[in-house]
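Reading the structure
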Amino acid sequence: MSSPKSSRSRLWFLWHSWLAMPVWLFMLFVCVTGCLAVISPELTWLFNPALRVSEGGPAAPLSALAAAAQASIPSGRVSALVWLDATTPLAVAVKVALPSGFEQTAWVNPVTAQVQAVTSGMSLRSFFRSLHGWLLVYPGGWFVVSAMGLPLLGSLITGVVVYKKFWRAYLHPRLRRDKGARSFWGDLHRLLAVWSLWFVGLMAITGTWFLIYLALLESGVSLGTDEAHHLTPRQDLPLVMAGQQPPAPTLVLDQALAAMQQARPGFRPLYIALPASAYDSLTLYGVGSAPLLMDEAHAHPLTGALTEISPGSEASGWVMTQQIMRSLHVGAFGGWPLRLLWLLCGLMLCALAISGMTIWRHRTCPATPSPVLKRRWQRGWIYLSALILLIPLSTLPFYLTGKSLFPTPEHQQTVTVGAYTLTLSTPQDRTPHREPGVGLVHDYRLHVTGTDYPPFRGIFLRYGKPDGLEPEQLGELAHGSPFSLHAHVPLSATAEPLWLSVEGWDEVIHQVMVPLPWDGGAGQ
């Protein structure tokens, strides 16, 4: 008859062994894709020779990079600059928005400002990060992946309880190769677990955090991520008459970066978003002096002067924690040496999953007293992991082409306001959703059709006729890319029709009430 202490130890062992078995294959998949995502800059360099940079010397001005990209894709407009990695010699990805609503990427040499390649679709880095982070299905895939932090955390806790005095393995590691497969796999599993203990805990905690964070965010809880859009004062915008071209925000990229680096010494840009309208600001996002944190700034779209600086060290508790958790999870704070360490530890996690499964099949399953668990195994419950893996496999063609697997039924209508023709889209389901910091809103998408329209300063939407002609009175400013914009329009206290306003660079404001078919013209 076994003692109570022995029974408890056996119970802990069974819990440790059975905890992740229904999803072990999926757990292995998450570990493998995580390893690939960590070294995705190096993989991009390895498999895309056209994106490599061999020249040394001072960096070319950002305006030169944008001009080269614009010249290579003359029908589009530069919308963003992306640096894949600060330490890997790769070309800068300059995103160019197309009139069709899609985008192309011009890969520009940061030293010579020469375009080395033009591609469509996502980069290798974006693919692996999307595959690992949300299975190419957001936000559902994010919940599934981050939920793996729970069995990982449970395996860590039960493993520490089961493996008594585990710290001895640091001083006296043991790997018996001559005692049979059972001893070898058991020693290997314990050895890997001990040396990756800190990394397992890090991945379990950060993964669980991502699950909690997204759950709160999707529930409409304000986590400090909602920020008011600061509109550029109208008096700062020049008057541009017909036949003239308005100033381009790409011309002030260098001034904005210089101002940010003066305000935050050591700042290295990772992402710069150009405004889609004159009232929007130019946004800089990158690595600052504070470890694990990111700095953000907004600049005037026509002068490059900074209008707001948001250091990561001064962010809200939620935002700061999210930044720290992300940096720790992906190893994005120490260059390629740290990524190499994260890769090695990730491979150890993969080996832990394989060795744990081997031990389970040869030792735990036969020793499990419950016949129910055995029958469920025999009936194929273990293949639950394989079923989950069908999610990214089925969504891959849609994701690569920019289409939605489950498109939301939308109502589309063509709206003519002044000299502008827009396609207005909104979900047929009129149930509003809660936007943090704003309240209940309806979503609208706008696509600017044609290419012969005069440039506009901004497009605004609101429920109810605007009370005046100031930008703040015209409604919600549409954001996005130069040709495809979106707006979250707050609901009014009473049912009001939807009004759309377009302001041209000649300061003429065109307005129209948009009749919506489901309510006889009332927007809500």
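Heads up: these notes are all about the structure in this document. Here the residue numbering is sequential within each chain, running from 1 through the sequence in written order. In keeping with the model being predicted, local features are shown solely for residues with a pLDDT of at least 70 and side-chain atom pairs are shown and tallied solely at 80 or more, while totals for entire chains, interfaces and linings include all residues. Side-chain numbers come from the whole structure's heavy atoms, not from hydrogens or water.

Only one rule defines a salt bridge in this text: a Lys or Arg side-chain nitrogen within 4 Å of an Asp or Glu carboxyl oxygen. Enumeration over the complete set of coordinates arrives at nine salt bridges. Ionic contacts of the salt-bridge type, sharing partners, join the residues Arg174, Arg176, Asp187 and Arg190 into one network.

Once that is clear, we can look at the side chain of Ser355. Numbered from the N terminus, helices here are DSSP runs of H or I no shorter than four residues, and strands are runs of E no shorter than two. Looking at the secondary structure, you find Ser355 in helix H13 (residues 335-367). Here's how the labels work: a residue is buried when its accessible area is under 20% of the maximum for its type, exposed when over 50%, partly exposed in between, all with a 1.4 Å probe on protein chains only. What makes Ser355 buried here is its relative accessible area of 0%. Pairs of residues are marked as contacts when any of their non-hydrogen atoms sit within 4.5 Å. If we ignore the near neighbours within four places in the chain, the residues touching Ser355 are Trp185 and His189.

Burial runs high along strand E1 (residues 77-82): five of the six residues are buried. Pairing of E1 with strand E2 (residues 92-97), which is carried by five bridges, proceeds in the antiparallel orientation. Of the residues in E2, the one forming a bridge with Val82 is Ala93. Between any two strands, pairing holds if DSSP finds at least two bridges. Bridge analysis of E1 against strand E5 (residues 268-273) gives three bridges, and the strand direction is antiparallel.

Another aspect to go through is the environment of His488. Looking at the secondary structure, you find His488 in strand E16 (residues 484-490). Those residues in contact with His488 that sit more than four places away from it in its chain are His433, Glu435, Val441, His442, Asp443 and Glu476. Polar contacts, as counted here, are pairs of nitrogen or oxygen atoms within 3.5 Å of one another; within protein the pair requires one atom able to donate a hydrogen and one able to accept it, and residues that are adjacent in sequence qualify only if both atoms are side-chain atoms. A distance of 2.5 Å separates a polar atom in the side chain of His488 from a polar atom in the side chain of Asp443.

Axes, fitted as lines to C-alpha atoms, cover a helix only where it is in contact. Angles between the N-to-C directions of the axes lie from 0 to 180 degrees. Where helix H10 (residues 197-218) meets helix H12 (residues 317-330), the axes come as close as 10 Å, and the angle between the chain directions of the two elements is 140°. In terms of orientation, H10 lies oblique with respect to H12. Considering only the axes of H10 and H12, their crossing is left-handed. Packed against H10, whose contacting residues are Leu202, Met203, Ile205, Thr206, Gly207, Trp209, Phe210, Tyr213 and Leu216, the element H12 presents Trp318, Thr321, Gln322, Met325, Arg326, Leu328 and His329 at the interface. These descriptions rest on fixed angle ranges, namely under 35 degrees for roughly parallel, over 145 for roughly antiparallel, 65 to 115 for roughly perpendicular, and the rest for oblique. A crossing counts as left-handed when the near helix is turned anticlockwise from the far one by less than a right angle, and as right-handed when that turn is clockwise.

Take the sheet that holds strand E13 (residues 456-463) next. Sheet architecture is open: four strands sit in the order E14-E13-E17-E18, paired in antiparallel fashion. The two strands at the open ends of the sheet, each matched to only one other strand, are strand E14 (476-477) and strand E18 (509-514). Where strand E17 (residues 498-504) and E18 come together, six bridges link them in antiparallel fashion. Of the residues in E18, the one forming a bridge with Ser501 is Gln511.

This brings us to unusual backbone geometry. In this chain, Tyr138 is followed by Pro139 through a cis amide linkage whose omega measures 5°. You can see Pro139 is positioned in the loop between helix H5 (124-134) and helix H6 (140-146). The backbone of Leu136 shows a phi angle near 70°, a positive value even though the residue is not glycine. Mapped onto the elements of the fold, Leu136 is located in the loop between H5 and H6. In this structure, Glu507 takes a positive phi of about 70° despite not being glycine. Here Glu507 is to be found in the loop between E17 and E18. Judged by its relative accessible area of 43%, Glu507 falls in the partly exposed class.

At their nearest, the axes of helix H2 (residues 24-38) and H5 sit 9 Å apart, and the two run at 150° to each other. Comparing the axis directions of H2 and H5 gives the class roughly antiparallel. Here H2 runs over H5; the crossing is left-handed. Within the contact between the two elements, H2 uses Phe29, Val30, Thr33, Gly34, Leu36 and Ala37 and H5 uses Phe128, Arg129, Leu131 and His132. Here the contact of H2 with H5 is composed, by residue class, of six nonpolar, three polar and one charged. By the convention adopted, Pro, Cys, Tyr, Trp, Phe, Met, Ile, Leu, Val and Ala count as nonpolar, Lys, Arg, Asp and Glu as charged, and the other residues, Gly among them, as polar.

This part takes up helix H3 (residues 40-47). Turning to H3, its buried residues number three or more, namely Ser40, Pro41, Leu43 and Thr44. Projected onto a plane normal to the axis of H3, the buried residues spread over an arc of 160° and lie on a single side. As for H3, its buried residues are in contact with H2 and H5. Note that the arc is computed from the directions linking the helix axis to the C-beta atoms.

When we look at a pair of aromatic rings, we describe it by the centre distance and by the angle of the planes. The pairing test for Phe, Tyr and Trp rings, Trp by its six-membered ring, is centres within 6.5 Å, and the orientation test on the planes gives stacked under 30 degrees, edge-to-face over 60, and tilted for anything in between. Across all of its chains, the model carries 18 aromatic pairs by this definition. Cation over ring: Arg52 sits above Trp45, and NZ or CZ is 4.1 Å from the ring centre. Note on geometry: a ring has a charge over it if NZ (lysine) or CZ (arginine) is within 6 Å of the ring centre and within 35 degrees of the ring normal.

Turning our attention to a nonpolar patch on the surface. A grouping of Trp167, Tyr170, Leu171 and Trp195 is seen on the molecular surface, where their side chains present a nonpolar patch of about 490 Å² in accessible area. Mapped onto the elements of the fold, Tyr170 is located in helix H8 (residues 168-171). Here a patch means residues that are over 30% exposed by relative accessible area and free of salt bridges, tied together within 9 Å if like-charged and within 5 Å if nonpolar (Val, Leu, Ile, Met, Phe, Trp, Tyr). For every accessible area listed, the method is Shrake-Rupley and the probe measures 1.4 Å; residues are considered covered only by the protein chains on display.

Quick look at the sheet that holds strand E7 (residues 294-299) now. Taken together, eight strands build an open sheet; the order of strands is E4-E3-E2-E1-E5-E6-E7-E8 and the sheet is antiparallel. The sheet terminates laterally at strand E4 (115-120) and strand E8 (306-310), the two strands that pair on one side only. Geometrically, the sheet is characterised by an average inter-axis angle of 25° between neighbouring strands, direction not taken into account. Two elements, E2 and strand E3 (residues 103-108), share six bridges in a ladder whose sense is antiparallel. If you follow Ala93 over to E3, its bridge partner there is Trp107. Taken strand by strand, helix H4 (residues 62-72) contacts E1, E2, E3, E4 and E5, and its axis lies near 130° from that of E1.

Attention now goes to the environment of Ala64. Tracing the backbone through its elements, the reader meets Ala64 in helix H4. Judged by relative accessible area, which is 26%, Ala64 ranks as partly exposed. A sequence separation of 49 residues divides Ala64 from Ala113, and the C-alpha atoms of the two residues are 6.1 Å apart.

By themselves these figures say nothing about function.
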